[in-house]
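Structural characterization, general
Each chain is listed here by its residues.
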Amino acid sequence: MNAFLAALREQLGEAGLLVGGDLAAYENDWRKRYAGKALAVARPASTEEVAAVMRLCHEHRVPVVPQGGNTGLVGGSTPDDSGQQLLLSLTRMKRVRGIDLANASLTAEAGCVLAEIQTAAAGAGMLFPLSLAAEGSCTLGGNLATNAGGTQVLRYGNARELCLGLEVVTVAGEIWHGLSGLRKDNTGYDLRDLFIGSEGTLGVITAATMKLYPQPKERLTALAACASLDDAVALLGLARERAGDALTGFEVMNRASLALVARELPQLPQPLPAAAWTVLLELSDAESAEHARSVFEGLLETALEGGCVQDAAIAQNIQQAKAFWYLRESIPLAQAQAGLNIKHDISLPVSAIPGFVAEMDAVLAAYLPGIEVIDFGHLGDGNLHYNVQAPAGVAAAEFLAAHESAINEQVYDAVQRRGGSISAEHGIGRLKREELAQRKDPTALALMRAIKRALDPLDLLNPGRLV
Ligand code: FAD
Ligand code: ZN
C-alpha cells in the first residue's frame with residue numbers, strides 16, 4: 001500500500017477505505033455504459049473525514065470522483081479506467097440532522113437516500129416533494145450535484161429550488177458551513193447555486209438544508225389517452241386553468257414506450273388501451289378529498305367532450321395510483337432491460353414540443369427504417385426523454401457504434417433551432433461533455449471554465465466531466 005493509501009487508512013479506518021477486492025458496484029455506472037477502475041474507495045462517515053480525505057488528495061495530487069447512489073445517467077459518478085482516481089462515496093453519511101417545523105425545513109447529510117428523506121419528512125407531518133424513479137437508491141448529495149428534476153417539478157421546482165443551504169468541502173479540504181434555513185440572504189454571490197448542478201467538479205456536498213411543504217389533503221392520479229401530442233398540450237393548458245397550483249404531475253408516454261413496457265415487464269397492468277399518447281396527471285389538493293375529486297372529474301369530462309382526450313381512468317385508491325405511477329417509472333427500467341439505447345434528455349418550450357417530435361420522428365424513420373423512439377417524460381416541464389432504440393433484430397452495441405453520433409447531431413440540432421437544452425435534468429457528465437463544448441454559448445462556457453479554474457486549479461475534482 002502506498003503512502004497516500006496508508007495515510008487514508010489511518011484517517012478512515014478499516015470500514016472507511018476499500019482497496020482491491022470487488023469494487024464493481026462503485027466502478028460501473030447504472031446504464032452499464034462506463035466500466036472504470038478506482039484507485040480505492042474512500043467511505044468517510046463525517047464531514048471532518050471528508051475534509052481529511054480532500055486534504056490528502058490535494059497534498060498527493062490524487063483526482064477524486066464523488067459518488068452518491070450511483071444512479072446518474074451521464075457517466076459522472078464512476079472513475080475512469082486509469083486506476084488512478086479515488087472514488088469518494090458519501091453513502092455512510094446518512095443522518096437526518098434535524099427538522100425545523102416552524103421554518104418548514106429539514107437538514108440532512110449528503111448520503112441520505114432520497115426515499116428516506118421523504119419518509120423522515122412524512123414522519124413529521126410534512127412533504128419533501130422531490131421525487132424520481134431512482135428515489136430508493138439516489139442520494140441527496142447526488143440530487144443536488146445534478147440538480148435533479150423528477151415528477152413534481154411542475155409544482156415544487158427541481159432540487160435547486162428546494163434547497164436553502166449547503167455544507168461543502170472544498171478541493172483543499174476546507175469546510176464551507178453554508179447550512180441555512182434562510183429564504184432570503186443577499187450577501188453576495190450565491191455559492192449555494194454555484195455548487196448545485198456542478199456534478200462534483202467544484203466541491204463535495206456533505207449536507208443540505210431543504211424546504212418542506214404541507215402534506216396535501218388528497219392526491220389523485222389519472223391516466224388519459226390522447227390522439228396526438230397537440231391534444232396532450234391542450235390537456236395541459238386545460239388542467240392548469242382548472243387546477244392551478246394543485247396540478248402536481250403531468251407526464252406523457254408514447255405508444256412505443258408502453259409497448260416496450262408490455263414486452264419487458266408483462267406483469268404490469270396497463271389500464272387504458274394503447275393510444276398514440278398516454279398522459280399521467282396528478283392533482284394534489286390542499287382543501288379536501290371531495291374538492292379534489294370534483295375538480296379532477298370536471299376537468300376530464302371537459303377534455304373528453306372537447307376531444308383532446310379519448311379515454312380516461314382515475315385511480316380509485318392509493319394502490320391504483322401507485323400502479324399508474326409505476327407504469328410511467330418503469331419505462332427506464334424496461335429500457336435498461338432491453339439493452340443499450342441512445343438517450344436524449346431534452347427541454348423545449350412546451351409550445352415547441354409537438355413540432356419537434358413530429359419533425360424528429362419523421363427524420364429518424366427516414367434515416368433508419370424500423371428505428372424505435374421511446375419518447376416519454378415530463379411534458380408539464382417541457383422535458384422529454386427522447387430515447388432511440390435499435391430496430392428489432394439489430395444488436396444494440398452495433399447500433400450505437402454506427403449511429404449514435406449522427407442521431408445525436410440531428411436531435412440536438414433540432415433542439416437548438418427551437419431554443420431548447422441538450423440536458424434538462426440528467427446533467428453533462430462524460431456523456432455530453434463534447435456536445436456541451438460545441439453547443440453552449442461561448443461566453444457562458446468561458447465563464448464556467450474560469451469558475452472551475454478558480455475553485456479547482458489542479459483539476460482534481462471529477463476531472464474530465466462537465467467542463
Ligand atoms: P450519483 O449518480 O452517485 O452522482 C451523480 C453526479 O453527482 C456525479 O457527477 C457525482 O460525481 C456527483 N455527486 C454525487 N454526490 C455528490 C456529492 N455529495 N457532492 C458532490 N458531487 C456529488 N434524474 C432526474 O433528474 N429526474 C428523473 O426523473 C430521474 N429519473 C431516473 C430514473 C432512473 C431509473 C435512474 C437510474 C436515474 C434517474 N435520474 C433522474 C438520474 C439520477 O437518479 C439523478 O441524477 C440522481 O439525482 C443522482 O443521484 P445519485 O446519488 O445516484 O448520484
Ligand atoms: Zn426524467
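Each value, and the rule that gives it
- Residues numbered from 1 in each chain as written.
- Chains lettered and ligands numbered in written order.
- Predicted model: local features only at pLDDT ≥ 70, side-chain atom pairs only at ≥ 80, totals over all residues.
- Heavy atoms only, no water.
- Near = heavy atom within 4 Å.
- Polar contact = N/O pair within 3.5 Å; in protein donor to acceptor, adjacent residues only side chain to side chain.
- Helix = DSSP H or I, 4+ residues; strand = E, 2+ residues; numbered from the N terminus.
- Nonpolar A, V, L, I, M, F, W, Y, C, P; charged D, E, K, R; others polar.
- Core = buried A, V, L, I, M, F, W, Y, C linked by side-chain atoms within 4.5 Å.
- Buried < 20%, exposed > 50% of the residue type's maximum accessible area, 1.4 Å probe, protein only.
- Contact = heavy atoms within 4.5 Å.
- Donors = N, O, S within 2.8 Å, 3.2 Å for Na, K, Ca; no water.
- Axes fitted to C-alpha atoms, helices over the stretch in contact; angles between N-to-C directions.
- Parallel < 35°, antiparallel > 145°, perpendicular 65-115°, else oblique.
- Left-handed = near helix turned anticlockwise from the far one by under 90°.
- Phe/Tyr/Trp six-rings, centres within 6.5 Å; stacked < 30°, edge-to-face > 60°.

**Section: the site of ligand 1**
Taken together, 35 residues form the shell around ligand 1, and within it Pro-66, Gly-68, Thr-71, Gly-72 and Thr-139 come nearest. The backbone of Gly-149 places a nitrogen or oxygen atom 2.8 Å from an oxygen atom of ligand 1. Secondary-structure elements contributing two or more residues to the shell around ligand 1 are β3 (64-67), α5 (140-145) and β10 (204-211). Among the elements that make up the shell around ligand 1, the one with the highest residue count is α5 (four residues). For the shell around ligand 1, the class distribution of residues is 13 nonpolar, 20 polar and two charged.

**Let's talk about the nonpolar core**
Counting residues in each nonpolar core, the largest one holds 52 residues, and the members touching the most others are Leu-235, Val-279, Leu-281, Phe-356, Tyr-386 and Phe-399. Not counting residues up to four positions away in its chain, the partners in contact with Val-279 are Ala-222, Leu-223, Ala-224, Cys-226, Ala-232, Leu-235, Phe-250, Glu-251 and Val-252.

**Quick look at the environment of Gly-188**
Position of Gly-188 among the secondary structure elements: in the loop between β9 (175-178) and α8 (191-195). On the accessibility criterion, Gly-188 (59% relative accessible area) is exposed. For the pair Gly-188 and Gly-76, spaced 112 residues apart in sequence, the C-alpha to C-alpha distance is 30 Å.

**A few points about the coordination of the zinc ion (ligand 2)**
Six octahedrally arranged donors around a metal ideally form angles of 90 or 180 degrees; four tetrahedrally arranged donors ideally form angles of 109.5 degrees. Protein coordination at the zinc ion (ligand 2): the donors are His-378 (NE2), His-385 (NE2) and Glu-425 (OE), at 1.8 to 2.1 Å from the metal. Expressed as a motif, the donor residue spacing for the zinc ion (ligand 2) is H-x6-H-x39-E. Residue classification places His-378 among the buried positions, given a relative accessible area of 3%.

**Focus on the packing of helix α9 (residues 229-243) against helix α13 (residues 353-367)**
Where α9 meets α13, the axes come as close as 9 Å, and the angle between the chain directions of the two elements is 165 degrees. In this view, α9 runs roughly antiparallel relative to α13, as classed from their interaxial angle. Here α9 runs over α13; the crossing is right-handed. Only Ile-353, Pro-354 and Val-357 of α13 make contact with α9, whose side of the interface consists of Leu-229, Asp-230 and Val-233.

**Things to note about the packing of aromatic side chains**
Enumeration according to the criterion identifies three aromatic pairs in this entry. With a centroid separation of 4.8 Å and an interplanar angle of 65 degrees, the aromatic rings of Tyr-156 and Tyr-213 are classed as edge-to-face. Of this pair, Tyr-156 sits in helix α6 (residues 153-156) while Tyr-213 sits in strand β11 (residues 213-214); the two residues are 57 residues apart in sequence, bridging distant segments of the chain. The exposure classification of Tyr-156 matches that of Tyr-213, with both residues buried. Here Phe-356 and Tyr-386 contribute two aromatic rings whose centre-to-centre distance is 5.4 Å and whose plane-to-plane angle is 65 degrees, an arrangement assigned as edge-to-face. Separated by 30 residues along the polypeptide, Phe-356 in helix α13 and Tyr-386 in strand β18 (residues 383-389) bring together distant segments of the chain. Of the two residues examined, Phe-356 and Tyr-386, each falls in the buried class.

By themselves these figures say nothing about function.
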